[in-house]
Amino acid sequence: MTEQTAEPTDAVVPVPAALPPAPQIPPQLVAEAPAPAAPRPPRRVLRAALRWTAAVLVLGGLGAGTAAGITALERTDVPGLATRDDGRWDYPALSLPALAADAPRPFSDSNTGEVHHADLRRLLLPAPHGATVDKELDGGWVDIARYAAEYGEDDRAALTQRLEDSALRHIAARGWTMPDGTSARVYLLQFNSVAYSTAFHDELFEHGSLVIPLAGTAEPSFDEEWSAADGPEYTTAHVYSEPEPYGDEQVRHAYVLAGDTVALVVHGRKGAAGTETVPFHQTVVLQNQLLG
């Protein structure tokens, strides 16, 4: 409600010539007067202070935008993951690395080449809490031979040649093993342009079907539980699950095409139980978000 201020008046208020004498107060009733309370600030001052406080908070939030957070989403908001007790892994807090002032994000309007300007190693998904990190795949650079080792021996030479001819810039990788025996590996392959990354990605498939399987796997099938809506708007994910019978180890893997970068995510676990769907989808979703 808007406060109304009394309008000034020109009327003269008469003042008595003399005030009547004040009555005498018995000494026993005289008490020490309490100290006057500090005057309350006017409401206008309070409102202004609140406005300035809100402005500072907003500007502080905008200033932190150079390292955009991904963990603002509740864990129950991650696509395809509904509850806290469904087997998800406990990943550390995620955030996008800060960029130089003139470096756009890969899918911003000013970045027509869809280039990732951040250090590719900082776009790798970190290992979850409780994982044992692979010393060979510790989040640094790896060579083509290490990446090609994910495929069967008969395919490695041709795959290596394709990568050598495709203007590949570098490969970053991280791997870990969970207490239940599940091994996970993530590779990020960055190319000189989105044309080269798309060409390599398309060579992995023929008419929508994967033509280069991973080592030791039967012919994979599309993961029926994966939804195309589970990733950022401008990325493409192909998600596969090795069907039964899968031998000694079940392998799930996914390819993500995100601008100039192609990601390979692999989960495998030996034994009849196979790999769990929820943590695999969680890994794909989070790595996809870091790239998108």
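Right, let's walk through the structure included here. (Residues numbered from 1 in each chain as written. Predicted model: local features only at pLDDT ≥ 70, side-chain atom pairs only at ≥ 80, totals over all residues. Heavy atoms only, no water.)

## As for the pairing of strand S3 (residues 183-191)
With nine of nine residues buried, S3 lies mostly within the body of the structure. Because side chains alternate across S3, one face comprises the buried residues Ser183, Arg185, Tyr187, Leu189 and Phe191, and the other comprises Ala184, Val186, Leu188 and Gln190, equally buried. Alignment of strand S2 (residues 168-177) against S3, held across nine bridges, turns out to be antiparallel. Counterpart to Ala172 in the pairing with S3 is Leu188. Between S2 and S3, which pair antiparallel one after the other, the connecting turn spans five residues, and Gly181 there sits at a positive phi close to 95°. (Buried < 20%, exposed > 50% of the residue type's maximum accessible area, 1.4 Å probe, protein only. Helix = DSSP H or I, 4+ residues; strand = E, 2+ residues; numbered from the N terminus. Pairing = 2+ DSSP bridges.)

## Observations regarding helix H4 (residues 194-203)
Looking only at H4, the buried set comprises Ser197, Phe200 and His201. Along the long axis of H4, the arc covered by the buried residues comes to 100°, so they all point the same way. (Arc of directions from axis to C-beta.)

## Points about the pairing of strand S7 (residues 236-241)
Pairing between strand S6 (residues 221-222) and S7: two bridges, direction antiparallel. The residue bridging Ser221 from the neighbouring strand is Ser241, located in S7. Bridge count between S7 and strand S8 (residues 249-258): six bridges; the pairing is antiparallel. Among the inter-strand pairings, Val239 is bridged to a residue of S8, identified as Ala254.

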